[in-house]
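What follows is the residue order along each chain.
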2 protein chains.
Amino acid sequence: MKTLLRNGIIVNVFTEQLEKADILIDGDKIIGVGDYSDENADIVENLDGLFVCPGFIDSHIHIESTMLLPYELSKLSVRHGTVAVLADPHEIANVCGTDGIKYMLAASDGIPLKVFIMLPSCVPATPFDEAGAILQSDDLLPFYKHRRVLGLGEMMNYPGVVEGVQSVLKKIKDAHNSYRVVDGHAPLLSGHALDKYISEGINSDHECTSFEEAKEKISKGQYILVREGTAAKNLKSLLPCFDKPYSERCCLCTDDRNAADLLLEGHVDNVVRKAVSLGKSPITAIKMASYNAASYLGLHDMGAIAPGRKADILVLSDLKSIRIKDVYINGTKYLDNDQLVNFSEPSVPVRLNKAVHKTVHLDEIHEENFFIKPDSPRCRVIHIIPGQILTEEMIAEIDWQKNNGINLDADILKLAVIERHKKTGHIGLGFINGIGLKHGAVASTVSHDNHNLIVVGTNERDMAVASNAIIEMGGGNVFASGGEVIGKFPLPVAGLMSESSAEDVAAMNKQLKILLYDAGVPENVAPLMNMAFVSLTVIPSLKMSTHGLVDVNSQKLVSLYI
Amino acid sequence: MKTLLRNGIIVNVFTEQLEKADILIDGDKIIGVGDYSDENADIVENLDGLFVCPGFIDSHIHIESTMLLPYELSKLSVRHGTVAVLADPHEIANVCGTDGIKYMLAASDGIPLKVFIMLPSCVPATPFDEAGAILQSDDLLPFYKHRRVLGLGEMMNYPGVVEGVQSVLKKIKDAHNSYRVVDGHAPLLSGHALDKYISEGINSDHECTSFEEAKEKISKGQYILVREGTAAKNLKSLLPCFDKPYSERCCLCTDDRNAADLLLEGHVDNVVRKAVSLGKSPITAIKMASYNAASYLGLHDMGAIAPGRKADILVLSDLKSIRIKDVYINGTKYLDNDQLVNFSEPSVPVRLNKAVHKTVHLDEIHEENFFIKPDSPRCRVIHIIPGQILTEEMIAEIDWQKNNGINLDADILKLAVIERHKKTGHIGLGFINGIGLKHGAVASTVSHDNHNLIVVGTNERDMAVASNAIIEMGGGNVFASGGEVIGKFPLPVAGLMSESSAEDVAAMNKQLKILLYDAGVPENVAPLMNMAFVSLTVIPSLKMSTHGLVDVNSQKLVSLYI
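Read on for an overview of the structure. Quantities reported herein were computed from a predicted structural model and do not represent experimental measurements.

1. Side note on the overall build of chain A
The helix and strand inventory of chain A stands at 16 helices and 28 strands. In terms of C-alpha radius of gyration, chain A reaches 24 Å, essentially the compact-globule figure of 24 Å for 562 residues. Taken along its principal axes, the extent of the C-alpha atoms in chain A is 85 × 50 × 45 Å. Counting the 562 residues in chain A, one finds 63% classified as buried. In chain A, the share of contacts with a sequence separation of at least 24, taken over all contacts with a separation of at least 6, comes to 68%.

Below is the structure:
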């Protein structure tokens, strides 16, 4: 079937000029750009001078961070002109292993949004992490046969790369031998260490927070994926990346952006819009959002309005507001004058669907599980820094006689990280400062990167109630107080994702947050987000594992007691 | 083993800036760029502020056109800073089929120059061609397993692509499915036909003769390989291709450049030098000659002085004369202060070596083989246009009673194209105007693209003598006169390539040409080159096949007689 889009003003990413032309589409691809006024197409649309550009590509995203299934995300993303995402299913892989990757492939098969997969390179993130799986190179290798698998996801284990750990290097080599790329993750790495890291075949970085950092990485041959997520916003600092020749080696990404932000601000279109509002060329920003990402990822039949390219086409009102009117993906219209059309849900094999549900493997939790054996009164406490995922070590005097050491006045709450994948019974116990709860307890299975069950409470009873509610609903977030569940936000898929719409997810998340703020959490703290990084033992300084406290800088377990 | 190149001024193709730095090499790759003054390397060279740039890549070449074996070519190319060539062994494949491709792979295995192969897409070039082989997609497909095979060579059969001939499209699809690119060849193709051609997956073009043509092809997503060969010189017309954003999608190539030109003028360095002398930025020209070609061809570990890239490094005196002092390929120095070092000859399996030798399969030729049955006095004669590979149809009055129709005063010489691969006995006979010989006959097995035996003579006896000399030496060029061989230039490999050095090849070629000019060939005619295109039935207008005359425009055999 042929579709003819007449009289558009095309953003040509090759000539970087605007070009008045017709676009002829046959099936899923563009077969002509120019004067096709004589063509007898099955569908003819007159664009009457509207702007037309290639569909946007999010060059690095964790879908799990949206808490949406790929299909629900696609409804949101397509509305905002995203035609493809490079998803690293790192979170679900930490819970479900290769089944998690297979599930994400299945759950995104045939949906309008093209979901390409970058294989999780670091599962678990560190040896401290008791995750649901350990993925070795042999586990990943077979996935390269899949056409939608485009590479190895962010290689966070830069010490492993720099030190030449063979099992790490093997994963990188497998990707390159399979004609795929390797995403990097090396915040602030520079000089000789950066050289070594890149030498081993790391092709990109999305962690740059200054232009100097980006420039060094570009000069050494990495692609820079300029990130503008919910927490990490790097666009403004990286504005010179939108100028030549740097722009030639830069793409756009969101990494972690939650459903509320996607609803409110948009997706890649929002990043383009911001760059334009800050004075950058819309043609350059669009090129980075489409062609550059396609080039980096080897998607040579995408990223441009040109013959032979997939018909991934956006119709825009103008090049400033980047308001998206129509979206075509592989030649099919999925957004028609701001209305979603032609969407149909994917089907997932029963076995895979089962594998990602009921993933909280724990027996009933009792308040005794949270008791800590009193010892020295001087203890290490994890101190939350508002708005950051970094934590600090705080030394506090614990009064073991009173509330088992919990001290609401000093904001010393109890913290537990409970292994929830293999019923090992491991539980890391300690104290946390900065969450600010005055009553009740909050529990969550979103706990990077191992996604064990993390619980913070003002008393052990509510901690047990919240934990058991989580176990019962198969993962998610719960606030309990006075021995009752007060609010819950179920995340039945791997304890990470909802099966609801973006609107519902944003609403549920918001409701739970309101309850937590009402219970005393200070306004400048994002309680669930902050908690989610308390067990991530790659971010300094003091974190909690299922084996107890970890000093991140020395990468050693440390005692609660001093 | 580590090599340290200290204090170079590096052409950084990413930042497009000059950068004073050390380069640290480990084995075949660069592992550091920056201040490595503390490094204890095995070899330390102080570059004292000399310029350093990535090695040059010839993005499209037919090695057979140099008449040199890959090893002999490498001595010349490396001296001129070429570290890699994309060779389409189209000529030898027309003679020896897949064995020809295998031979070129073997004969270039382990030589300093990296010889990458683009598989010949059109063997034979047309259905008129009685070549030594017919290569179908199934013949080509297994070659994609080879790491040095980077794609499908120039798809000259653009009517086949545009008309959607399945066997043609299959070859293109196989390349893309194997993560490889497809080179195009579509001179002057434009508009809807170009759209259709590109739509089927043709990624580049090296036939552009005007910037308008290049710009259209760039705007439609093709890479442009700016060509500067011996006959076809397009650099000057394509100068705007050296400006942004066009330069981002352009590479440099020589296509067909003979040994004499390579000796005298150079290789890719000559193209860079010319661009600079015409006012273009040396950094841009170097980037096009290295990084762009690597990007186009998926050689993501080449084309830049950066960590992780192969150590393909040129040390230059300056950025204007582009005089090359040292050349490193994969970390080994092959040019040291203008002297070749570390060269060693490749070994070729006996079977393959045998397959490409003694390829002139003909029994002894007699003068009667050249007799034409007299008929109408008005005949079609092929008219050579000096300096062009185009020919014209000329109508001439043939006096059959005198010299069997040969007329030296009117420069009507006898022409024969003899099938030499399969002993079919087919011979195309006719007349040719413009060669200008006053005595003797010239014969050659370099006869595009089928490389049958082509003979032009002032008498049948010398035509037979020349032909038999060719048969005896297994291919090459011969001039015979007065019943004796006067000069010969053996090309024992497939009748296309010499086993001698570039110097000897250039000398032999020159000597033979002097003999031909002495025998009457006008100065503005390149006799061997012009003859070599007389049987190429894709170039207008009148050509000679082994079945007789071909009218190229109508793609039909036509009678000698009117």
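2. Some details on empty space enclosed by the protein
Enumeration over the complete set of coordinates arrives at 2 cavities of 30 Å³ or more. Approximately 50 Å³ is the volume attributed to the largest cavity. Around the largest cavity sit E16, K244, S247, E248, T284, K287, M288 and N292 of chain A together with E248 of chain B, which together line it. A per-class count over the lining of the largest cavity returns 1 nonpolar, 3 polar and 5 charged. Along its surface, the second largest cavity is lined by E16, K244, S247, E248, T284, K287, M288 and N292 of chain B.

3. Re the pairing of strand β16 (residues 332-336) of chain A
Residue and element names in this part refer to chain A. In terms of strand pairing, strand β15 (residues 324-329) meets β16 through 3 bridges, oriented antiparallel. Note on β16: the bridge partner recorded for Y328 is K333. From the end of β15 to the start of β16, which pair antiparallel, there are 2 residues, and N330 there has a positive phi angle of about 45°. Both β16 and strand β17 (residues 339-340) contribute to a ladder of 2 bridges, which runs antiparallel. In the strand pairing of β17, D336 is matched with Q339. The antiparallel hairpin formed by β16 and β17 contains 2 residues in its connecting segment, where N337 sits at a positive phi of about 50°.

4. Section: the interface of chain B and chain A
Each partner contributes residues to the interface: chain B has 40 residues there, and chain A has 40 residues. Summed over both partners, the interface of chain B with chain A comes to about 3,300 Å²; 45% of that surface belongs to carbon and sulfur atoms. One salt bridge connects K244 of chain A with E248 of chain B, and the closest N-O pair in it is separated by 2.5 Å. Inspection of the chain B/chain A interface yields 26 residue pairs in polar contact (both at pLDDT 80 or more). Contributing elements (two or more residues each) for the side of chain B that touches chain A: β3 (29-34), α7 (166-177), α8 (191-199), α9 (211-219) and α12 (282-297) of chain B. Taken together, the residues that form the side of chain B that touches chain A break down as 14 nonpolar, 11 polar and 15 charged.

5. Considering the relation of the copies chain B and chain A
Here chain B sits on chain A after a turn of 180° about the axis and a move of 0.0 Å along it, with an RMSD of 0.0 Å. Taken together, the turn and the small shift mark the pair as related by a two-fold rotation axis. By C-alpha distance to the rotation axis, the residue of chain B lying nearest is Y179 of chain B, at 3.5 Å. The overlap is high: 100% of the interface residues of chain B also sit at the interface in chain A, so the same surface is used on both sides.

6. Things to note about helix α4 (residues 98-107) of chain A
Buried residues dominate α4 of chain A, accounting for 8 of its 10 residues. Where α4 of chain A is concerned, the buried positions are D99, G100, I101, Y103, M104, L105, A106 and A107 of chain A.

7. Concerning the pattern of salt bridges
Using the criterion set out here, one finds 60 salt bridges over all chains in the structure. The salt bridge involving K114 of chain A is made with D312 of chain A; its shortest N-O contact spans 2.7 Å. Of the two residues, K114 of chain A sits in strand β8 (residues 114-119) while D312 of chain A sits in the loop between α12 (282-297) and β14 (313-316), which places them 198 residues apart along the sequence. You'll find K114 of chain A and D312 of chain A in the same group, each marked buried. Counted as one network, the salt bridges with shared partners bring together E16, K244 and K287 of chain A together with E248 of chain B.

8. What about the nonpolar core?
Soluble globular proteins: nonpolar side chains tend toward being buried together. F56, I92 and V272 of chain B are the most contacted members of the largest nonpolar core, which has 181 residues in total. For this core, the element with the most residues is α12 of chain B, which contributes 9 residues. The next biggest cluster of nonpolar side chains, apart from the first, holds 180 residues, and it includes F116, C241 and M497 of chain A together with Y291 of chain B.

9. Re the packing of aromatic side chains
Here the structure, examined in full by the defined rule, presents 17 aromatic pairs over all chains. Considering the side-chain rings of Y179 of chain A and Y179 of chain B, the 5.6 Å spacing of their centres and the 15° angle between planes classify their relative orientation as stacked. Note that Y179 of chain A is positioned in the loop between α7 (166-177) and β10 (181-184) and Y179 of chain B in the loop between α7 and β10 (181-184), a pairing that runs across two chains. By relative accessible area, which is 34% here, Y179 of chain A ends up partly exposed. An aromatic cluster of at least three residues, connected via ring pairs, comprises Y71, Y334 and F343 of chain A. It is R249 of chain A that lies over the ring of Y223 of chain A; its NZ or CZ is 4.0 Å from the centre.

10. Things to note about the state of the cysteines
Residues and elements named next belong to chain A. With the rule as written, the count across this model stands at 0 disulfides over all chains. C96 carries a free sulfur, and the closest cysteine sulfur to it, the one in C122, is 18 Å from it. The class of C96 is buried, set by a relative accessible area of 14%. Of all cysteine sulfurs, the one in C241 lies closest to C250, which takes part in no disulfide; the gap is 3.9 Å.

11. So, the packing of helix α11 (residues 268-277) of chain B against α12 of chain B
For any two helices packed against each other, the geometry is given by the interaxial angle and the distance between the axes. Residues and elements named next belong to chain B. Two numbers describe how α11 lies on α12: the axes approach to 9 Å, and their chain directions differ by 150°. Taken together, the axes of α11 and α12 are roughly antiparallel relative to one another. Our pair here, α11 against α12, has a crossing hand that is right-handed. In this structure, α11 uses V268, V272, A275 and V276 to contact α12, whose residues at the interface are P282, A285, I286 and A289. For the contact of α11 with α12, the per-class residue count stands at 8 nonpolar, no polar and no charged.

12. Re helix α14 (residues 460-473) of chain A
All names here are of chain A. For α14, built from 14 residues, the straight-helix expectation of 20 Å at 1.5 Å per residue is met to within 8% by its first-to-last C-alpha distance of 20 Å. Of all 14 residues in α14, 11 are buried, a share of seventy percent or more. When α14 is considered as a whole, its buried residues turn out to be E460, D462, M463, A464, A466, S467, N468, A469, I470, I471 and M473. Capping the start of α14, N459 holds a side-chain oxygen 3.1 Å from the backbone nitrogen of R461, two or three residues further along. Downstream of α14 by a residue or two, G474 has a phi angle that is positive, lying close to 75°.

13. Section: the sheet that holds β10 of chain A
Residues and elements named next belong to chain A. Reading across the sheet, the 5 strands line up as β6-β7-β8-β9-β10 and stay open at both edges, with parallel pairing between neighbours. Each edge of the sheet is formed by a strand with only one pairing partner; in this case those strands are β6 (56-61) and β10. Between one strand axis and the next, the sheet turns by 30° as a mean value, whatever way the strands run. Inspection of the sheet shows strand β7 (residues 82-87) paired to β8 by 4 bridges, in the parallel sense. Bridging from a neighbouring strand, A87 pairs with I117 of β8. Strands β6, β7, β8, β9 (149-155) and β10 of the sheet are contacted by α12, whose axis makes an angle of about 60° with β6.

14. Describing unusual backbone geometry
Leave glycine aside and you will find that most residues have negative phi; peptide bonds, for their part, are mostly trans. In this chain, H448 of chain A is followed by D449 of chain A through a cis amide linkage whose omega measures -20°. Look at the link from K244 of chain B to P245 of chain B: it is a cis peptide, with omega at 0°. The residue P245 of chain B is located in the loop between β12 (223-227) and β13 (250-253) in this model. Backbone geometry at Y179 of chain A places phi at a positive 60°, although glycine is not the residue there. Although it is not a glycine, M67 of chain B sits at a positive phi angle of roughly 60°. In this fold, M67 of chain B is placed in the loop between α1 (63-66) and α2 (70-79). The class for M67 of chain B is buried, based on a relative accessible area of 15%.

Procedures and definitions
Residues numbered from 1 in each chain as written. Chains lettered and ligands numbered in written order. Predicted model: local features only at pLDDT ≥ 70, side-chain atom pairs only at ≥ 80, totals over all residues. Heavy atoms only, no water. Helix = DSSP H or I, 4+ residues; strand = E, 2+ residues; numbered from the N terminus. Rg over C-alpha atoms; globule rule 2.2 N^0.38 Å. Buried < 20%, exposed > 50% of the residue type's maximum accessible area, 1.4 Å probe, protein only. Contact = heavy atoms within 4.5 Å. 1 Å grid on protein atoms, 1.4 Å probe; cavity = no way out; pocket = protein on both sides within 12 Å on 5 of 7 lines; lining within 4 Å. Points joined across faces, edges and corners; volume = space filled by probe spheres on them. Nonpolar A, V, L, I, M, F, W, Y, C, P; charged D, E, K, R; others polar. Pairing = 2+ DSSP bridges. Buried area = accessible area lost by both parts, 1.4 Å probe. Salt bridge = Lys/Arg side-chain N within 4 Å of Asp/Glu carboxyl O. Polar contact = N/O pair within 3.5 Å; in protein donor to acceptor, adjacent residues only side chain to side chain. Least-squares fit on C-alpha atoms with pLDDT ≥ 70 in both. Core = buried A, V, L, I, M, F, W, Y, C linked by side-chain atoms within 4.5 Å. Phe/Tyr/Trp six-rings, centres within 6.5 Å; stacked < 30°, edge-to-face > 60°. Lys NZ or Arg CZ within 6 Å of the ring centre and 35° of its normal. Disulfide = S-S within 2.5 Å. Axes fitted to C-alpha atoms, helices over the stretch in contact; angles between N-to-C directions. Parallel < 35°, antiparallel > 145°, perpendicular 65-115°, else oblique. Left-handed = near helix turned anticlockwise from the far one by under 90°. Expected span 1.5 Å × (residues − 1).

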